[in-house]
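# Observations on the model geometry
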Amino acid sequence: MPTPTTNENSAHDVHGGLPIPRRATNRPVPNAELLRGWYRELVLIREFEIRCMQAYQDKKIGGFCHVYIGQEAVAVGCVAALKPQDPLVTAYRDHGHALARGMTSRACMAEMFGRVDGCAKGKGGSMHMFDREHNLFGGHGIVGAQTPLGAGLAFATKYEDEVINNGKSSRVTLCFLGDGALNQGAFHEALNLAGLMNLPVIFVVENNGYSMGTSIHRGTTQSHDLSSKALGYGIDATVIDGMNLLEVYHGMKDVVEKCREKSRPAFVDMRCYRYKGHSMSDPRKYRTRDEEAIWEQGDPIGTFEKFILDQGAITHDQIKSVQKEVKAEVRDAVEFADNSPVPPLSDLYHDVYREPWGRYTGTSEPLMYGGAMNPPTFRATREGDGLI
Amino acid sequence: MSATQEIEFRDAIRDAMSEEMRRDKRVMLIGEEVAEYNGAYKVSRGMLDEFGPRRVIDTPISESGFAGMAIGAAMLGLRPVVEFMSWSFSLVAADPILNNAPKMLFMSGGQFGCPIVFRGNDGAGGQLGSTHSWCVEGLFSNVPGIKIVIPSTPADAKALMKTAIRDDDPVFFMESERLLGMKGDVPVGDDVLLKFGQACVRRTGTDCTLASWGRPVHFCMEAAEELAKEGISCEVIDLRTIRPLDIGSIERSVRKTSNLVIVDQSWSFGSPGSEVAAQIHQRCFDDLDNHVHRVHTEDVPAPYAFNLEQEYLPNTRKICEAVRSATYNA
Ligand SMILES: Cc1ncc(C[n+]2csc(CCOP(=O)(O)OP(=O)(O)O)c2C)c(N)n1
Ligand SMILES: [Mg+2]
């Protein structure tokens, strides 16, 4: 199967990128159990996203919903190359990252349904998946906004390790962004700061060739060679085939190791493709069905499935049972989300401040007399005036 | 309060930051020219020498980048103090400071807070022209999730800065460059804090309440002095924080004086001043002898010329006129 991300396939070469180096072929193959685990994650994310699309059609999910179908190998491979204590931050196409990081499909689905059992109690939504336990510092809805945050997470881990604990910087931060975010000022400021301050952060561009309907060459200079952007900030860059899980894993392992060791930022041009529209309302008029069909031949799940079968790491029966299991898990997640209560209206006034002056009721006296949203007290409780 | 010491406003802020940095290694200062240059307005002088470049950090001219970076660090558990050379320059960092910091806790369902202080010069300086004279409280007070502190004296500045650094929420701390050289008595000691949301009665009076915050509090004091000669007795209330807003203290005062003049250095349309006016009309409708009067900055971009700038800002003359009008002495 030719990899459609190189120049050879010019008609469908959405990235127009320089050839991608191959790494996995001369590496030892990870053990069978690990491979089966990754396979399950790939299948889980795919199934989860398919059910999201259905639930969206059924109007169970509101707002914007961006699915990850086609890019699964990126999240799974990148997370596999990390340690659990390494912070991760991403954009709004974040369900795959959340699941790969270990968020339960129940918590993820319930968040999308806007229910109390969601990872953010239904207050974040599809674009804003947060999970403290798994060091997931959010999906972020503003294009590019997470890039300075990623630099800051790396600043903080390094500061904790070196300044507070007098040790050696031990964690790396993974910061995902889309190719569209390359055009934001925040991205360039973050790269400059990370380069300047030697921050252990890896910017992974999930280069799926499009930002909404704008193909990368219409929006971004040097689109054939994004590495040049990082080099301009003195940051080493790597190109990885994001359609191939083993390539992602081995490529990222190297990048992560070096970043951890040297405490220097890194940049990854992760070539991939999103199979579905930008969000649920996108009819994909800006590209041909032929182009999509070609990319679907290089499906990351199909490719990996074939590989592990060839390796004898999994049997056809095991594949069937993984698929069955995953279907059941996601069906359960949807059911769980559907049965989870909507957040109480009083939740509206929670988590606005950590340290409110008494229970937070808004600075203005609300003019919602008698309404359900009327908070029980108007004014903050105060102690006497003056110095404390 | 026991011993006090007379120091400059800028040093009061510096002392607060330094004391908190000694207390807690998670606190660090970051911004343009804060370290080697000792701060554009010399607020952080001496801090690099004491704490070194890992904790007092110079950045490039990159507000969006370093504001966002500090927010990421705060999410992970540090307690950054971020200096904007001027709040006027925070506008290029609007997305991180308004879209990230105040919403992180809510959006994450309570998982990730943002204990951070943004501070810097706010309001017109001396003839800095339209782009450098912002009173950002007019814009930012609209946003829930942040706390806004605007001190008028060195003692308040120190105590409120310490509270800001220990607070677990994002705090916007606004300093008037015009006040930084002002001296005042500041309590000695590491643990003098001031609770947010507590106004202070700077002068008691019976005929009219003057409510203000930050630099114009001083204009109010001058006006009260002048009006006293005309037999009009003013009570001056310094709000000290805009969010939380101590509306109760204004309410109590207005019930006594039956008149309110608000003096607010930001533009009038959709301002903290208009919010206070709305709330007082609602709470004290039957107590008021006149509608609430407001003295704001004129509704035009900040001019450069000296005379125009004086006329543009709230000043003692305008405050006196407003009080006379409110008390039917015009
Ligand atoms: C600052 C900002 N501008 C515009 C948008 C609207 N928007 C949302 S996603 C998107 C495209 C981003 O594409 P890319 O970064 O390539 O990520 P992808 O969707 O391909 O994952 C746009 C324009 C936004 N969310 N934020
Ligand atoms: Mg894209």
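Residues numbered from 1 in each chain as written. Chains lettered and ligands numbered in written order. Predicted model: local features only at pLDDT ≥ 70, side-chain atom pairs only at ≥ 80, totals over all residues. Heavy atoms only, no water.

## Concerning the overall build of chain A
When you go through chain A residue by residue, the secondary structure sums to twelve helices and eight strands. When the accessible area of chain A is evaluated, it comes to approximately 15,700 Å², of which 52% is carbon and sulfur surface. (Helix = DSSP H or I, 4+ residues; strand = E, 2+ residues; numbered from the N terminus. Areas by Shrake-Rupley, 256 points an atom, 1.4 Å probe, with all protein chains shown as cover.)

## Some thoughts on the overall build of chain B
For chain B, the count of helices and strands is twelve helices and 14 strands. Computed over its C-alpha atoms, the radius of gyration of chain B comes to 20 Å, within 12% of the 20 Å expected for a compact globule of 330 residues. Along the first, second and third principal axes, the C-alpha set of chain B runs to 60 × 45 × 45 Å. Residues classed as buried in chain B amount to 66% of the 330 residues present. Sequence-distant contacts, at least 24 apart, represent 80% of the contacts inside chain B between residues at least 6 apart. (Rg over C-alpha atoms; globule rule 2.2 N^0.38 Å. Buried < 20%, exposed > 50% of the residue type's maximum accessible area, 1.4 Å probe, protein only. Contact = heavy atoms within 4.5 Å.)

## Comments concerning the site of ligand 1
Residues and elements named next belong to chain A. Taken together, 15 residues are adjacent to ligand 1, and Y92, R93, G180, N208 and Y210 come closest. Between an oxygen atom of ligand 1 and a main-chain N or O atom of G180, the distance comes to 2.8 Å. Here an oxygen atom of ligand 1 and a backbone polar atom of Y210 are 2.9 Å apart. For ligand 1, whose unbound accessible area comes to 590 Å², protein coverage reaches 71%. Its residues assigned to classes, the shell around ligand 1 comprises six nonpolar, seven polar and two charged. (Near = heavy atom within 4 Å. Polar contact = N/O pair within 3.5 Å; in protein donor to acceptor, adjacent residues only side chain to side chain. Nonpolar A, V, L, I, M, F, W, Y, C, P; charged D, E, K, R; others polar.)

## Structural notes on helix α10 (residues 289-297) of chain A
All names here are of chain A. Inspection of α10 places E291, E292, I294 and W295 among the buried residues, and these make up the whole buried set. One side of α10 holds all its buried residues, which, seen down the axis, span an arc of 160°. Of the residues in α10, the exposed ones pointing more than 90 degrees away from the buried face are D290 and Q297. In this structure, the buried residues of α10 make contact with β5 (210-211). (Arc of directions from axis to C-beta.)

## Observations concerning the environment of A305(B)
Assignment of secondary structure puts A305(B) in the loop between β14 (293-297) and α11 (306-312). What makes A305(B) partly exposed here is its relative accessible area of 26%.

## Topic: the coordination of the magnesium ion (ligand 2)
Residues and elements named next belong to chain A. Donor atoms from the polypeptide that bind the magnesium ion (ligand 2) are D179 (OD), N208 (OD1) and Y210 (O), placed at 2.1 Å. All donors to the magnesium ion (ligand 2) come from one chain, and their sequence spacing reads D-x28-N-x1-Y. In this pair, D179 sits in the loop between β3 (173-178) and α6 (185-196) while N208 sits in the loop between β4 (201-207) and β5, placing the two residues 29 residues apart along the sequence. A residue is classified by how much of its surface remains accessible, and N208, at 5% relative accessible area, is buried. (Donors = N, O, S within 2.8 Å, 3.2 Å for Na, K, Ca; no water.)

## Details of the interface of chain B and chain A
Counting residues at the interface gives 69 residues for chain B and 60 residues for chain A. With both sides pooled, the region where chain B packs onto chain A buries about 5,400 Å², and carbon together with sulfur makes up 59% of that total. It is M69(B), L76(B) and F106(B) that lose the most area in chain B upon contact with chain A, and together they represent 13% of the buried surface on that side. Connecting chain B to chain A are two salt bridges. Among the ionic pairs, E162(A) bridges to R54(B), the shortest N-O distance being 2.9 Å. Taken together, the links from chain B to chain A amount to 18 residue pairs in polar contact (both at pLDDT 80 or more). Breaking the side of chain B that touches chain A down by element, the ones donating at least two residues are β2 (27-31), β3 (56-58), α3 (63-76), α4 (94-100), α5 (104-107), β12 (241-243), α9 (247-257) and α10 (272-283) of chain B. Class assignment for the residues of the side of chain B that touches chain A results in 28 nonpolar, 20 polar and 21 charged. (Buried area = accessible area lost by both parts, 1.4 Å probe. Salt bridge = Lys/Arg side-chain N within 4 Å of Asp/Glu carboxyl O.)

## Overview of unusual backbone geometry
Cis peptide bonds are those with omega within 30 degrees of zero, and the linkage from R243(B) to P244(B) qualifies with 0°. One non-glycine residue, S263(A), lies in the positive phi region at around 50°. In this structure, S263(A) sits in the loop between α9 (245-262) and β8 (266-271). Residue classification places S263(A) among the buried positions, given a relative accessible area of 8%.

## Quick look at the sheet that holds strand β11 (residues 234-238) of chain B
All names here are of chain B. If you walk across this open sheet you meet the five strands as β9-β11-β10-β13-β14, and the pairing is mixed. The sheet terminates laterally at β9 (200-203) and β14, the two strands that pair on one side only. Adjacent strand axes in the sheet meet at a mean angle of 25° when their direction is disregarded. One ladder, built from five bridges, connects strand β13 (residues 260-267) with β14; its direction is parallel. From the neighbouring strand, V263 faces β14, where its bridge partner is V295. (Pairing = 2+ DSSP bridges. Axes fitted to C-alpha atoms, helices over the stretch in contact; angles between N-to-C directions.)

The values are spatial; any link to function lies outside them.
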